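Given next are the chains, with one letter for each unit.
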Amino acid sequence: MVDIDFVYLWVDGNDPKWIAKRNACIGEPSKDEKNCKGRYVSNDELKYSLRSLEKYAPWIRKIFIVTDNQVPEWLDTTHPKIQIVDHTEILPAECLPCFNSVIIEHHLHKIPGLSEHFLYGNDDLYFNKPVTPDTFFAKDLLPIIRFNRRPFRKWYLLFKTKVQGKQLSNYLQTIHNAALLVEKKYGTYYSGKTHHNIDAYLKSNYEHTRQVFDKEISATLTNHVRSMNDIQRNIYSYVPLAEKRAHMQYVTQRTSFRFHIDNRKLYRKFEKYNPMLFCMNDSQFANDDDRKCAIDFLGTLFPDKSQFEK
């Protein structure tokens, strides 16, 4: 099998220097989804994600951690699998400073030394069962794209905005932006919604997609915080699907499970489905008690230090 790397985005939203930089650029956190505390706060989720990776995906070749001039204090940066990538290494000057993960995601293919085949996730995504390379890449080595099935999503969004007169959430709008661009270019609206979990990519697909939509993506690069005209990274899955350079699979809660950590009922649901992958999604609805509960849960699932910790 080919080499497969893993790319993480990570930020320590508790760092005073970083906080001062963010506040000077985009202001203090608010209660909306675009700039809430849950976007940035660190509870060492990455530590547990790496423990899950070591336990269930030890075949990963190299782990790239993209940060804003920060390094987790517990991380062993001398480990041969670990490489810290600063924003300045991959983002053009007009993007900096960047507090918008959507913009950072448009530049993952710029990571020096990144393999052609790679997995991507934020620090709140975890493996829960043993996986193999062919979990993410088919026999022809093309990526397996995982979506939640939403067959009528385009019409639902139109009804919500045009009939009900409601504004879409930032998250839904940016996905819709990506889908509309691909529909205009390729004639197909991909209604599948991102499964909010670990995703597979080819670097060459990424580079090609960026070239195809360079004008549209470049127009968003100065969005230092999440904005309604952002183009969600689903576009790097939609284009390969349109060009038959990827395979689509729809997920169930046994393959991909998303926690909203403010909803404690989901812990029992997790036990019921015992999924392959899961996300511990922080948000504007979560509080510090919810975050403590989530970390306690992760500590129970992954109690042993990984080789990536000091």
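Residues numbered from 1 in each chain as written. Predicted model: local features only at pLDDT ≥ 70, side-chain atom pairs only at ≥ 80, totals over all residues. Heavy atoms only, no water.

A. Seen up close, the sheet that holds strand 9 (residues 247–250). Strand order in the open sheet formed by three strands is 7-6-9, and the pairing between neighbours is mixed. Looking at which strands have only one partner, the edges of the open sheet turn out to be strand 7 (193–194) and strand 9. Two strands pair when backbone bridges link them, and strand 6 (residues 144–148) and strand 7 are joined in this way by two bridges, in the antiparallel orientation. Paired with Phe147 across the bridge in strand 7 is Thr194. The strands that helix 9 (residues 235–242) touches are strand 6 and strand 9; relative to strand 6, the one it contacts most, it runs at about 115°. (Pairing = 2+ DSSP bridges. Helix = DSSP H or I, 4+ residues; strand = E, 2+ residues; numbered from the N terminus. Contact = heavy atoms within 4.5 Å. Axes fitted to C-alpha atoms, helices over the stretch in contact; angles between N-to-C directions.)

B. Representation of the pairing of strand 6 in the model. Counting buried residues in strand 6 gives five out of five residues, a clear majority hidden from the surface. Residue alternation in strand 6 divides its side chains into two sets, Ile144, Arg146 and Asn148 and Ile145 and Phe147, and both sets are buried. Note: strand 6 against strand 9, four bridges, orientation parallel. Bridging from a neighbouring strand, Arg146 pairs with Gln249 of strand 9. (Buried < 20%, exposed > 50% of the residue type's maximum accessible area, 1.4 Å probe, protein only.)

C. Spatial organisation of the sheet that holds strand 8 (residues 199–202). Read from one edge of the open sheet, five strands run 3-2-1-4-8, paired in mixed fashion. What marks the edges here is a single partner per strand, and that holds for strand 3 (82–86) and strand 8. Here the average twist between neighbouring strands, direction ignored, is 30°. Seen against the sheet, helix 2 (residues 45–56) touches strand 1 (4–9) and strand 2 (63–67) and runs at an angle of roughly 165° to strand 1.

D. Broad picture of a nonpolar patch on the surface. On the surface, Phe152, Trp155 and Leu158 cluster together to form a nonpolar patch covering roughly 360 Å² of accessible area. Looking at where Trp155 falls in the secondary structure, it is placed in helix 5 (residues 153–163). Given the relative accessible area of 52%, Trp155 is considered exposed. (Patch = residues over 30% accessible without salt bridge, like charges linked within 9 Å, V, L, I, M, F, W, Y side chains within 5 Å. Areas by Shrake-Rupley, 256 points an atom, 1.4 Å probe, with all protein chains shown as cover. Salt bridge = Lys/Arg side-chain N within 4 Å of Asp/Glu carboxyl O.)

E. Focus on the pattern of salt bridges. The full count for this structure, using the stated rule, is twelve salt bridges. The salt bridge involving Arg51 is made with Glu309; its shortest N-O contact spans 2.7 Å. Here Glu309 lies in the segment after helix 11 (288–301) and Arg51 lies in helix 2, a separation of 258 residues in the sequence. A salt bridge links Lys154 to Glu183, with the nearest nitrogen and oxygen atoms 2.6 Å apart.

F. Local environment of a positive patch on the surface. A contiguous patch of positive charge on the surface is contributed by Lys129, Arg254, Lys269 and Lys272. With respect to the helices, strands and loops of the structure, Lys269 is situated in helix 10 (residues 266–273). Judged by its relative accessible area of 32%, Lys269 is partly exposed. (Lys, Arg positive; Asp, Glu negative; His and termini not counted. Charge placed at Lys NZ, Arg CZ, Asp CG, Glu CD.)

G. Representation of the packing of helix 6 (residues 170–186) against helix 9 within the structure. Across the interface, helix 6 lies against helix 9 with an axial gap of 9 Å and an inter-helix angle of 25°. Classed by the angle they form, the pair helix 6 and helix 9 counts as roughly parallel. At the point where helix 6 passes helix 9, the crossing takes the right-handed sense. Residue-level contacts link Ile175, Ala178, Ala179, Leu181, Val182 and Tyr186 of helix 6 to Ile235, Tyr238, Val239 and Ala242 of helix 9. Taken together, the residues that form the contact of helix 6 with helix 9 break down as ten nonpolar, no polar and no charged. (Parallel < 35°, antiparallel > 145°, perpendicular 65-115°, else oblique. Left-handed = near helix turned anticlockwise from the far one by under 90°. Nonpolar A, V, L, I, M, F, W, Y, C, P; charged D, E, K, R; others polar.)

H. Looking closely at the side chain of Ser115. Relative to the helices and strands, Ser115 resides in the loop between helix 4 (101–105) and strand 4 (117–122). The class of Ser115 is buried, set by a relative accessible area of 9%. Beyond its immediate sequence surroundings of up to four residues, Ser115 is in contact with Asp3, Ile4, Asp5, Arg61 and Lys203.

I. Looking closely at unusual backbone geometry. The peptide bond linking Leu96 to Pro97 adopts the cis configuration, its omega dihedral lying at -10°. Within the secondary structure, Pro97 is located in the loop between helix 3 (87–90) and helix 4. Within the chain, Asn69 stands out as a residue other than glycine whose phi angle is a positive 55°. For Asn69, the position within the fold is in the loop between strand 2 and strand 3. Despite not being glycine, Lys244 has its phi angle at roughly 60°, a positive value. Tracing the backbone shows Lys244 in the loop between helix 9 and strand 9. Given a relative accessible area of 71%, Lys244 falls into the exposed group.

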